[in-house]
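Understanding the architecture of this molecule
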Amino acid sequence: MSETKPLGRKIMSPRILPEVAPFWQAANEGKLLLKRCDDCREVHYYPRDICPHCLSINTSWFASSGEGRIYSFSTMAIKDAVYTLAYVTLDEGVSLLTNILDAEPKTLRIGQRVRAVFWPSEDGQSVTMFTPF
Amino acid sequence: MSLNGSAYIVGAYEHPTRKADDLSVVRLHGDVAKGALEDAGLSKEDIDGYFCAGDAPGLGATTMAEYLGLKLRHVDSTECGGSAPILHVAHAAEAIAAGRCNVALITLAGRPRAAGAALSLKSPDPDAPDVAFELPFGPTTANLYGMVAKRHMYEFGTTSEQLAWIKVAASHHAQHNPHAMLKNVVTVEDVVNSPMVSDPLHRLDCCVVSDGGGALIVARPEIARQLKRPLVKVRGTGEAPKHAMGGKVDLTYSAAIWSGPRAFTEAGVTPTDIKYASLYDSFTITVLMQLEDLGFCKKGTGGKFVQDGGLISGIGKLPFNTDGGGLCNNHPANRGGMTKVIEAVRQLRGEAHPAVQVQNCDLALANGIGGALASRHTAGTLIMERI
């Protein structure tokens, strides 16, 4: 199996804390939400009620383009668990930890354009992964 | 308040075991506490401060005080993973300077190898806000550090062969340590041809999994001068966390860029003054990053610094981890900070193995990285001087 599909590996389900429930609801609808501060206007990730840049509690959800570039990645090569962990920097400027799917690991490179795809975790909650264009 | 000269490391002890099938975690902590007291020439009644991190069982300081029958007036359970003992030395110096204790005991111990629980970071706390956004993607220590190495290669042209030199240097030192888990000298080819664990890190880029532990005794200067051991002064300390910065992730540097300068400023010395360095070596890339961030070389030039034996005692510019480090000797409790300080103390006392002892070693540095390098960790820097 040369692809990095997370088949054969348990995708642990996220425990959904109240302040980020909209993020997970949107993921199930195939959308990636981010938080922006209404006061300092900075985008942050992972999402919080309180802006980590200025501590304002005025933060709002908005939909990400779901597109970005690979910042770095590493492919685990142990037994059946061949999968690629990556940081993807979204066009909105924040980087998130994720997996790269449907790509031969040897063809991946830093800076490569990727787009969000949604993959069910163990209990069915979708999580955001990325695949090359 | 400067901590320069406020306290001395008067006792140091490393547990000889590397696989503790028949020793409990608390017994290991007890063994190393006894060993450090004997090394210092002090007794249990002298201890009035105790420091431990999350590897101590039960209620940590309270459980250990009960097990060892300690009467304490100061406790500190600062927890930041593998760098914790380095912060504990600084905090012990602070407590001594503030009059909160006179003699501080610091212990670290664990048995992940015997227990078969290794390689993952601490079990995730479901209340930690990052966990839901990361755990589904399978982060392990190896692939998180692998991403740091990959980015370093991309930004600065660092090669796997250069990283391998760090392991080669550690193995040159470990051949002289009878307790080391891996005593065989390896070559660059051995490292880059070992199985890939998580791209671009090979098996020999990774530290060992071992049991054991170590302890330190930190004391007030007046007490240190009454003891028979060589004097090792706490001269400079620094600590700092680094995290994902609200999504502005930058894997090209560690928190040592903040902890290092604080320690050098307090000590009143520069990196070129350091004769020996104990650098956290969970992976080869960890060492490379600290060399750059502490100012031993410019950012991006770590590969050149370590290649061709740059870290081998007696050969290179900066002798490092002369006990074999985590890469070859041990990594008790999956935490390398304690053994980093212990080997630095040996070097300053002139008690390292003769084959690796640094000549006139009067100034040494120990640095730790606790957590995930570059993405979420706390760095601690300690500069020590032999008086």
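The structure presented is a predicted model; accordingly, all values stated were derived computationally and were not measured.

Here the focus is the sheet that holds strand β3 (residues 59-63) of chain A. Pairing within the open sheet is antiparallel, and its 3 strands lie in the order β2-β1-β3 (chain A). The open sheet has two edge strands, β2 (43-44) and β3 of chain A, and neither has a second partner.

The next thing to look at is the interface of chain A and chain B. Facing the 34 residues of chain A at the interface are 27 residues of chain B. Mapped onto the side of chain A that touches chain B, the elements with two or more residues apiece are β2, β4 (67-78), β5 (81-90) and β6 (95-99) of chain A. A per-element tally of the side of chain A that touches chain B places β4(A) first, with 8 residues. Grouping the amino acids of the side of chain A that touches chain B by side-chain chemistry returns 22 nonpolar, 9 polar and 3 charged.

What holds strands together in a sheet is hydrogen bonding between their backbones, with the strands either parallel or antiparallel. Residues and elements named next belong to chain B. One open sheet accounts for 9 strands, arranged β3-β2-β4-β7-β1-β8-β11-β10-β9; its pairing is mixed. Whereas interior strands pair on both sides, the edge strands pair on one side only; in this sheet they are β3 (74-76) and β9 (276-279). Neighbour-to-neighbour, the strand axes of the sheet open up by a mean angle of 20°, direction not taken into account. Examined bridge by bridge, strand β2 (residues 49-51) and β3 share 3 bridges and lie parallel to one another. Paired with G49 across the strands is H74, a residue of β3.

What follows deals with helix α6 (residues 160-174) of chain B. Taking 1.5 Å of rise per residue, 15 residues should cover 21 Å, and α6(B) covers 21 Å from first to last C-alpha, within 8% of that figure. For α6(B), the buried fraction is high: 13 of the 15 residues fall into the buried class.

Let's shift gears to the domain arrangement of chain B. Residue and element names in this part refer to chain B. Domain annotation for chain B reports domain 1 (8-116 + 211-230) and domain 2 (140-208 + 234-386). A C-alpha centroid distance of 23 Å is found between domain 1 and domain 2. Facing 29 residues of domain 1, the contacting portion of domain 2 comprises 32 residues. Counting only elements with at least two residues in the side of domain 1 that touches domain 2, the list comes to β1 (8-14), α3 (84-97), β4 (103-110) and β7 (212-219). Counting residues per element, the side of domain 1 that touches domain 2 draws most heavily on α3, which supplies 7 residues. A per-class count over the side of domain 1 that touches domain 2 returns 17 nonpolar, 8 polar and 4 charged.

So, about unusual backbone geometry. A cis geometry characterises the amide bond from A:Y45 onward to A:Y46, with omega recorded as -10°. If you trace the backbone, A:Y46 turns up in the loop between β2 and β3. Between B:D199 and B:P200 the backbone carries a cis peptide bond, its omega angle lying at 5°. Along the chain, the position of B:P200 falls in the loop between β5 (196-198) and β6 (201-202). Phi is positive for B:A333, close to 60°, though the residue is something other than glycine. Topologically, B:A333 is positioned in the loop between α12 (325-328) and α13 (337-349). B:A333 gets classed as buried once you count the C-beta atoms within 10 Å, which come to 28. In the Ramachandran plot, B:A374 falls in the positive-phi region, its phi being about 75° despite a non-glycine side chain. Accessibility expressed as a C-beta count within 10 Å gives 28 for B:A374, which makes it buried.

Attention shifts here to the confidence of the model for chain B. On average, chain B scores 96 in pLDDT, and the residues at 70 or more come to 98%. The ipTM for the predicted assembly is 0.94, set against a pTM of 0.96.

Residues and elements named next belong to chain B. Between α3 and α13, the least distance of the axes is 6 Å, while the angle of their chain directions is 60°. With respect to each other, α3 and α13 are oriented oblique. Contacts between α3 and α13 involve A84, P85, I86 and V89 on the former and, on the latter, G337, M338, K340 and V341. Taken together, the residues of the contact of α3 with α13 sort by class into 6 nonpolar, 1 polar and 1 charged.

Residues and elements named next belong to chain B. As for its placement among the helices and strands, S254 is situated in the loop between β8 (232-242) and α9 (256-267). The class of S254 is buried, set by 28 C-beta atoms lying within 10 Å. Distance from S254 to P57, taken between C-alpha atoms, is 29 Å for residues 197 residues apart in sequence. If we skip the residues at most four places from it in the chain, S254 touches K242, M289, Q290, D293, I369, L373, A374, H377 and A379.

Moving on, we come to the nonpolar core. Residues and elements named next belong to chain B. Counting 155 residues, the largest nonpolar core has I9, A36, V89, I217 and V218 as the members making the most contacts within it. With 9 residues, the single largest contributor to this core is α3. Those residues in contact with I217 that sit more than four places away from it in its chain are V10, G11, A36, L37, A40, L42, V103 and L105.

We now examine the UniProt feature "domain: Thiolase C-terminal" (unreviewed entry) in chain B. As recorded in UniProt, the feature "domain: Thiolase C-terminal" (unreviewed entry) lies at residues 246-379 of chain B. With 33% helix and 13% strand, the stretch residues 246-379 of chain B has end C-alpha atoms that lie 19 Å from each other.

What counts, and where the lines are drawn
- Residues numbered from 1 in each chain as written.
- Chains lettered and ligands numbered in written order.
- Predicted model: local features only at pLDDT ≥ 70, side-chain atom pairs only at ≥ 80, totals over all residues.
- Pairing = 2+ DSSP bridges.
- Helix = DSSP H or I, 4+ residues; strand = E, 2+ residues; numbered from the N terminus.
- Contact = placed C-beta atoms within 7 Å.
- Nonpolar A, V, L, I, M, F, W, Y, C, P; charged D, E, K, R; others polar.
- Axes fitted to C-alpha atoms, helices over the stretch in contact; angles between N-to-C directions.
- Expected span 1.5 Å × (residues − 1).
- Buried ≥ 20, exposed ≤ 12 C-beta atoms within 10 Å, placed from the backbone.
- Domains from an automatic or database assignment.
- pLDDT = per-residue confidence, 0-100.
- Parallel < 35°, antiparallel > 145°, perpendicular 65-115°, else oblique.
- Core = buried A, V, L, I, M, F, W, Y, C linked by C-beta atoms within 7 Å.
- UniProt positions renumbered as here; feature names shortened; annotations may be inferred.

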